[in-house]
Amino acid sequence: METKKTRTEGCRTQITSLARLGRRYQLASWVSLFLLFAMIVPSVYTLAQAPRVIQITATHDNKFKVPGQKEPVITVKANEVIKFQITAQKGTETDPKYPGCVHSFSVKGLKDQGWDVCLKEGMNQFVLVAPSKPGEYLIECLSKCGKGHDDMNMKMIVTQ
Ligand SMILES: [Cu+2]
């Protein structure tokens, strides 16, 4: 009698442990699913947050040009992170104050925030943060590049 009892009990415990194991597996799959999401969601978020790319050309005749626009104007949001891709062509002169640069991409009041970039001949890629104060800013070339240099500028509109 006693042995029978223990056998049935043993069976029961086996069944319950199987059920527990099943539950544990289910839990494991839920945990792995959760982990998968935990890994995917931030990367998708980061991709969505990837900085906007703005392309500009700094021409050989010392002008800033934005593809598809008559006048070079860019509109950005306050504090927006922007990735600039600027193709720079060599002007007629070079400035010893900006060694190795054919032009510069500068905002006079924002130099300390990185807005004074040396443009080398060819493709220049860099990331800048838009000013926190909305308004109109003048982006200038401060590297004396020859005829037209004094007018080598473009507008940046910063919106809220
Ligand atoms: Cu210039």
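Refer to the preceding data block for the structure.
Residues numbered from 1 in each chain as written. Predicted model: local features only at pLDDT ≥ 70, side-chain atom pairs only at ≥ 80, totals over all residues.

A. Here's a closer look at the overall build of the chain. Scanning the chain for helices and strands turns up 1 helix and 9 strands. From first element to last, N terminus to C terminus, the chain shows the α and β order α-β-β-β-β-β-β-β-β-β. Each of the 160 residues in the chain was classed as buried or not, and the buried ones make up 20%. (Helix = DSSP H or I, 4+ residues; strand = E, 2+ residues; numbered from the N terminus. Buried ≥ 20, exposed ≤ 12 C-beta atoms within 10 Å, placed from the backbone.)

B. Broad picture of the sheet that holds strand β4 (residues 81-88). Pairing is mixed across the open sheet formed by 4 strands, whose spatial order is β2-β1-β4-β7. Two strands lie at the open edges of the sheet, namely β2 (64-65) and β7 (122-129), each paired on one side alone. The sheet contact formed by β4 and β7 spans 8 bridges and is antiparallel. Bridge pairing in β7 places K83 opposite V127. (Pairing = 2+ DSSP bridges.)

C. Expanded view of the pairing of β4. Here strand β1 (residues 52-58) runs beside β4; their pairing, made up of 7 bridges, is parallel. Across the sheet, the residue bridging to V53 is K83, located in β4.

D. Molecular detail of the nonpolar core. Formed by 23 residues in total, the largest nonpolar core has its most connected members in A58, F64, I86, L119 and I139. Of all the elements in the fold, those that place two or more residues in this core are β1, β3 (73-77), β4, β8 (135-140) and β9 (153-159). Not counting residues up to four positions away in its chain, the partners in contact with F64 are I56, A58, P72, I139, M152, N153 and M154. (Core = buried A, V, L, I, M, F, W, Y, C linked by C-beta atoms within 7 Å. Contact = placed C-beta atoms within 7 Å.)

E. Local environment of the environment of E80. Structurally, E80 is set in the loop between β3 and β4. Through-space distance from the C-alpha of E80 to that of Q160 is 9.9 Å; in sequence the pair is 80 residues apart. Not counting the four nearest positions on each side in its chain, E80 is found in contact with R52 and A130.

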